[in-house]
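Chain residues, written in single-letter form:
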Amino acid sequence: MTIRNAFVILCLFVSFYQAASQGSIDAVKIKGTPVDIYVPPSYDNSKEYPVVYFNDGQMLFGHPTITIALQDILDSLIDNRLIVETIVVGVFADELRAERYVPYQNDQFERMPNGDSYAEDYVNFLIDDVVAYVDENYSTVSKPEGRAIFGFSFGGLNALWMLLNRPETFSMAAGISASMWVEDFALYEETKKYKPNQKIWFDIGTAEWNYYVPFQRLLKEQGASINTNAYYFEVKDAVHTWEDVRQRVHMPLMVFAGAKSHIPSKMNVEIEIIPSKSNAQKRFTRLNPVITCKDGLKYSLAYEANYEVTNPSAGKVYEDGRFELYGGENLEVIVTYLDFSKKVKIRSKLLN
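Below, the structure is looked at part by part.

Before going further, it helps to spend a moment on the overall build of the protein chain. A count of helices and strands for the protein chain gives 10 helices and 16 strands. Relative to the compact-globule value of 20 Å for 352 residues, the protein chain shows a C-alpha radius of gyration of 22 Å, a close match. Taken over the C-alpha atoms alone, the protein chain extends approximately 75 × 65 × 35 Å along its principal axes. The proportion of buried residues among the 352 residues of the protein chain is 52%. In the protein chain, the share of contacts with a sequence separation of at least 24, taken over all contacts with a separation of at least 6, comes to 65%. Of the roughly 16,400 Å² that the protein chain leaves accessible, carbon and sulfur atoms contribute 49%.

Moving on, we get to the side chain of Asp-129. For Asp-129, the location among the structural elements is in helix α4 (residues 118–137). In terms of polar contacts, Asp-129 uses its side chain to reach the side chain of Lys-31, at 3.4 Å.

This brings us to the sheet that holds strand β16 (residues 340–346). With antiparallel pairing, the three strands of this open sheet are ordered in space as β12-β15-β16. The sheet is open, and its two edges are formed by β12 (306–309) and β16, each paired on a single side. Taking each pair of neighbouring strands and ignoring which way they run, the sheet shows an average axis angle of 25 degrees. Examined bridge by bridge, β12 and strand β15 (residues 331–337) share four bridges and lie antiparallel to one another. What sits directly across from Asn-306, in β15, is Thr-336.

Of note, the phi angle at Ser-153 is positive, near 60 degrees, even though the residue is not glycine. A positive phi angle, close to 60 degrees, is found at Phe-185, a residue other than glycine. The residue Phe-185 is located in helix α6 (residues 182–185) in this model.

For the rest of this paragraph, the subject is the pairing of strand β1 (residues 24–30). Relative to strand β2 (residues 33–39), β1 runs antiparallel, the two being bridged by seven bridges. The partner of Val-28 across the bridge, within β2, is Val-35.

All right, on to the environment of Ser-265 then. Within the fold, Ser-265 resides in strand β9 (residues 264–275). Between the C-alpha atom of Ser-265 and that of Gln-105, which follows or precedes it by 160 residues, the distance is 44 Å. For Ser-265, the contacting residues outside a window of four places in its chain are Thr-292, Cys-293, Lys-294 and Phe-340.

Calculation notes
- Residues numbered from 1 in each chain as written.
- Predicted model: local features only at pLDDT ≥ 70, side-chain atom pairs only at ≥ 80, totals over all residues.
- Heavy atoms only, no water.
- Helix = DSSP H or I, 4+ residues; strand = E, 2+ residues; numbered from the N terminus.
- Rg over C-alpha atoms; globule rule 2.2 N^0.38 Å.
- Buried < 20%, exposed > 50% of the residue type's maximum accessible area, 1.4 Å probe, protein only.
- Contact = heavy atoms within 4.5 Å.
- Areas by Shrake-Rupley, 256 points an atom, 1.4 Å probe, with all protein chains shown as cover.
- Polar contact = N/O pair within 3.5 Å; in protein donor to acceptor, adjacent residues only side chain to side chain.
- Pairing = 2+ DSSP bridges.
- Axes fitted to C-alpha atoms, helices over the stretch in contact; angles between N-to-C directions.

Geometric values such as these leave the question of function open.
Next comes the structure, spelled out in structure tokens:
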């Protein structure tokens, strides 16, 4: 075989491999709403597939300069056997995006002509029409354990609310930079509806900071197993953009449809000084211990880590990782979780 022939065969093999490992996108309309449906590469009607429903579907599939190019992320996750083959359904938003996604209605939100809430109408549409369409036309795991609802910002708030209020339909939600602040953190009260074994992912970037850490503690109080079926990720320097969503959307997909166990492999501790958006004189000081698993999943520990201050005259660390410095002395902290331990020195000049 000549070198040229070998090269041609190699190119054909690579081309075939890429084509064989790429999912397809079905573009449909359901009651006038555009819906994009990612169908995994080896889709087979004789098998049943889990389904992720995603708010803001217009931002999922297509060129990476105008969407998060989720199809490439899904293809890669499936090729690398990090998730099982999964159907992903992107439901497009419209000009009433906030009204449809925010479940806590007040005077700032427009209501339907008959006085009903657009948010309640959206939930009914998603479940009664979109989920019903997908279950009828694709081979799905048509039970709650086979369905997840994901979203970003208002869409993330909607996803978390929908999981807690529609457990008969969904078993997981991902609130990516979810707008939990709406109506004075009304979502926190919804944690009382948490059902055992429901999966939740929520995250926040430090450059869009809002204090969502207590959501982890509230879930735990309702029986959630933290870092087994409820995950929090505090992303240093991430902002409230789709570009940053692209960098971490694979992680909640791995929580829902992971093909491998999430085995912790290392722990890093980030020291964060987060400027307040509303008060130029205020800064949020945090230790953010982050676990990286063998399959690449990352999550923050917050309340789950133990913080031992070895020189308490220098300052204090609270149970969720917040810290205070008392004076000019560096604060020394030993952070532990499972078999991981890391000694951290917080220099007093950080706050100068």
